[in-house]
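Understanding the architecture of this molecule
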Amino acid sequence: MSQDLKQLDVLLAEPRGFCAGVDRAIEIVERALKKFGPPIYVRHEIVHNTFVVNDLKAKGAIFIDELSEVPPGATLIFSAHGVSRAVQAEAQARGFSIFDATCPLVTKVHVEVAKLAREGYEFIMIGHKGHPEVEGTMGQLDGGIHLVEDVADVALIQPSQADKLAVVTQTTLSVDDAAAITAAVRERFPNVRRPKQQDICYATQNRQDAVKMMSPQVDVLLVVGSPTSSNSNRLAELARKLGVPSYMVDNAGELRPEWLEGRARVGITAGASAPEVLVQEVIARIRDFGAITVRRVEGVEETIKFPLPKGLKL
């Protein structure tokens, strides 16, 4: 290791890592395993983190994509990203014992979509095609919901009417990107209805704000998170937009020493589905590179807790 890593100063973003929705989803699976015993079936990765999924697999969770893979009478858990009405109906028809780990902030979007659809609204959904949360939200309706991924898409959509049009957003997007796309939507459809409270969740917003605050103070940013995690990817993107080289690592083994060479200060954050144990392993790996100081950057303190579904008391 070259000498220029010896004076490395590490800044830890606050808040980082698990949010209330992720905490709740993991606890639902762990409680179901304790109460009913393995196997417990989970539709889709419970949260987008390799470590978390592998840990739950080792405890007896089985992750599936198709409900046909689940035996009759089994216990099934819906992931934190939410599911379409068709998936809910099929799961009920197959007679599974179902626990819904959908993040309550995603459920809030589903409820809003259903309510406005009854009032005759069509929707523009800002999100990433193929992401399970987007599939779940768009799957609350049989039609009349149009996906836009960027500003250019706004010009291409063709709603059947513009009088009753509402915007909804994937909860884990870049706050700035979503604002730019929403502005383009409003320019094309001036009467569009926006959510009373923004759909982007508090945890996504807080983690992005923390990166904005920390970026001027660091020479490089490491984001602990899995490649499939939307909110982790947005943190790395945001730092790059602010001119800070940024790298995502799923675990400490992916950390490359050359990323840190010639840098005096490294920032570390973690996506909302990344456990703190991984952050500590990354810090330990950087310590192996030489003497460093580690300090936290003051940030918002999160106190939100979501209740568990009924039937999981141990």
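Look a little higher up for the structure.
One structure accompanies this document, and this report is about it. (Residues numbered from 1 in each chain as written. Predicted model: local features only at pLDDT ≥ 70, side-chain atom pairs only at ≥ 80, totals over all residues. Heavy atoms only, no water.)

Two strands pair when backbone bridges link them, and strand 9 (residues 220-224) and strand 10 (residues 246-249) are joined in this way by four bridges, in the parallel orientation. Bridge pairing in strand 10 links Leu222 to Tyr247. Traced from strand 9 through helix 9 (residues 230-241) to strand 10, the parallel crossover comes out right-handed. (Pairing = 2+ DSSP bridges. Helix = DSSP H or I, 4+ residues; strand = E, 2+ residues; numbered from the N terminus. Right-handed = clockwise from strand over helix to strand, strands pointing away.)

Across the sheet, which stays open at both edges, the four strands sit in the order 3-2-4-5 with parallel pairing between neighbours. The sheet terminates laterally at strand 3 (61-64) and strand 5 (97-100), the two strands that pair on one side only. The average undirected angle you get between the axes of adjacent strands in this sheet is 25 degrees. Sheet topology note: the strand 2 (residues 40-43)/strand 4 (residues 75-78) ladder contains three bridges and is parallel. Among the inter-strand pairings, Val42 is bridged to a residue of strand 4, identified as Ile77. Against the sheet, helix 3 (residues 85-93) contacts strand 2, strand 4 and strand 5, and its axis sits at roughly 170 degrees relative to strand 4. (Axes fitted to C-alpha atoms, helices over the stretch in contact; angles between N-to-C directions. Contact = heavy atoms within 4.5 Å.)

In this section: helix 7 (residues 175-188). Each α-helix turn comprises 3.6 residues. Residues three or four places apart therefore point the same way. Taking 1.5 Å per residue as the helical rise, helix 7 with its 14 residues ought to reach 20 Å, and the 20 Å between its terminal C-alpha atoms agrees with that figure. Every buried residue of helix 7 is accounted for by Val175, Ala178, Ile181, Thr182, Ala184 and Val185. Residues of helix 7 that are buried make contact with strand 6 (122-126), strand 7 (145-148), helix 6 (151-154), strand 8 (165-169) and helix 8 (202-214). (Expected span 1.5 Å × (residues − 1). Buried < 20%, exposed > 50% of the residue type's maximum accessible area, 1.4 Å probe, protein only.)

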